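Each chain is listed here by its residues.
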Amino acid sequence: MADTKIPPEVPPETAVDRAVSLPSGTVKRTRKQSRATAGSARMAALLVSPTLLVLTIVVLYPTLMALNESLYGAKGLDPETGFISATEPFVGLRNYADIFGEAGERFWNAFWNTTFFTVVTVALETVIGVAMALIMHKAFRGRGLVRAGILIPWAVPTAISGLLWRWIFNSDGIANTLIGHQVLWTTEGFHAKVAVIVAEVWKTAPFIGLLVLAGLQVIGKEVYEAARIDGASPPRQFWHITLPLVKPALLVAMLFRCMDALRMFDLPYILIGAQKHSVETLSMLAQNEASNVRFGPASAYSVLLFLYVFLVALAFVRLLGADLIGDAGAGGRKRKGSRMRIPALRRRTEVAT
């Protein structure tokens, strides 16, 4: 019987062996690409570092200082000397716990006022801003003058806008003359809310209109031509073409406006006044507490307002993030209803390809 030699077991090829077996040109190319990637990363970090530094100084440091200050109470009388204490007493989370007691009535009123102003003003500004953008997008004689006139309210400083509307809503102002009825707009009541909403919408609706107009500029005319060939009416063109294509720009505008409205301070402060129960917002409440040397509660309200704005922005981006960054941000998956059903345009595309 002939001897049978069993060939030795060949060990699996390792990554090092494969790298050694590669041609020298491929190895050099791989190393060059790695160095280029590392260099790009370092350049990106270098370019972003000034922005991070500014954000740290402007946002992070004041937030940490406010959080630390919110753990202290107001200065009181020193029982030993009878004078005002030189240091603030440490109270822990008492300033936050007080909002759930009787002392929190003013806080919750300011919280609901802030939320009410944000929801109502952003909704009205969105509708009016889209209408403004559609008007500014039309080609007609004098379009430049109309665009400039629409954008003027956004260019007016908020303090000046508040003074102008205070004169309009005066007891003998234009508003009462137009309605033919005497209304004290700048006093307590729901009419004070209406005055703030009207002034805020007048000033900031052009901002949404400007961003939506930028989105309208990138929509090709052939899309509307194909829709007209298919017999689509103007309302259907707006609902199925214009609105889906300008949705990313519109959502960004709404996000910015929500964050700005939640921090509303100067317009109601100048138009209506301070310590008005019907229009007091969280920013006005924090400012009032700080002006009365109650820095602990003021810092606590500021921290809560910061968290409120952060959570609203985070929820907005989480729920609508795919629309904000396009289909690529949704992992390559197309959202339901994102495909436009325009047969003529589809046929034209198929012929072109």
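Thresholds applied
Residues numbered from 1 in each chain as written. Predicted model: local features only at pLDDT ≥ 70, side-chain atom pairs only at ≥ 80, totals over all residues. Heavy atoms only, no water. Core = buried A, V, L, I, M, F, W, Y, C linked by side-chain atoms within 4.5 Å. Buried < 20%, exposed > 50% of the residue type's maximum accessible area, 1.4 Å probe, protein only. Helix = DSSP H or I, 4+ residues; strand = E, 2+ residues; numbered from the N terminus. Contact = heavy atoms within 4.5 Å. Salt bridge = Lys/Arg side-chain N within 4 Å of Asp/Glu carboxyl O. Axes fitted to C-alpha atoms, helices over the stretch in contact; angles between N-to-C directions. Nonpolar A, V, L, I, M, F, W, Y, C, P; charged D, E, K, R; others polar.

Caption draft 1: Looking closely at the nonpolar core. By size, the foremost hydrophobic cluster in this structure holds 41 residues, and its most contacted members are Phe 169, Val 196, Val 212, Leu 271 and Ile 272. Put simply, the parts of the chain that give this core at least two residues each are α4 (105-137), α8 (190-216), α9 (221-229), α10 (234-262), α11 (266-271) and α13 (295-325). At 12 residues, α8 tops the list of elements feeding residues into this core. Not counting residues up to four positions away in its chain, the partners in contact with Phe 169 are Ala 175, Trp 185, Thr 186, Ala 195, Val 198 and Leu 271. Counting 12 residues, the second largest nonpolar core, distinct from the first, contains Phe 111, Leu 282, Tyr 301 and Tyr 308.

Caption draft 2: Looking closely at the pattern of salt bridges. Considering all chains together, one arrives at 7 salt bridges under this definition. Here Glu 200 ties to Arg 257 by a salt bridge, and the two come within 2.8 Å at their closest N and O atoms. Of this pair, Glu 200 sits in helix α8 while Arg 257 sits in helix α10, and the two are 57 residues apart along the sequence. Judged by relative accessible area, Glu 200 falls into the buried class, the value being 7%. Since its relative accessible area comes to 1%, Arg 257 is described here as buried. Overlapping salt bridges bring together Glu 125, Glu 200, Arg 257, Asp 260 and Arg 263 as one network.

Caption draft 3: Region of the structure containing the packing of α4 against helix α12 (residues 282-291). Two elements in contact, α4 and α12, have axes separated by 8 Å at closest approach and are oriented at 145 degrees. In this structure, α4 contributes Arg 106, Phe 107, Ala 110, Phe 111 and Thr 114 to the contact, and α12 contributes Leu 282, Leu 285, Asn 288 and Glu 289. Partitioned by chemical class, the residues of the contact of α4 with α12 number 5 nonpolar, 2 polar and 2 charged.

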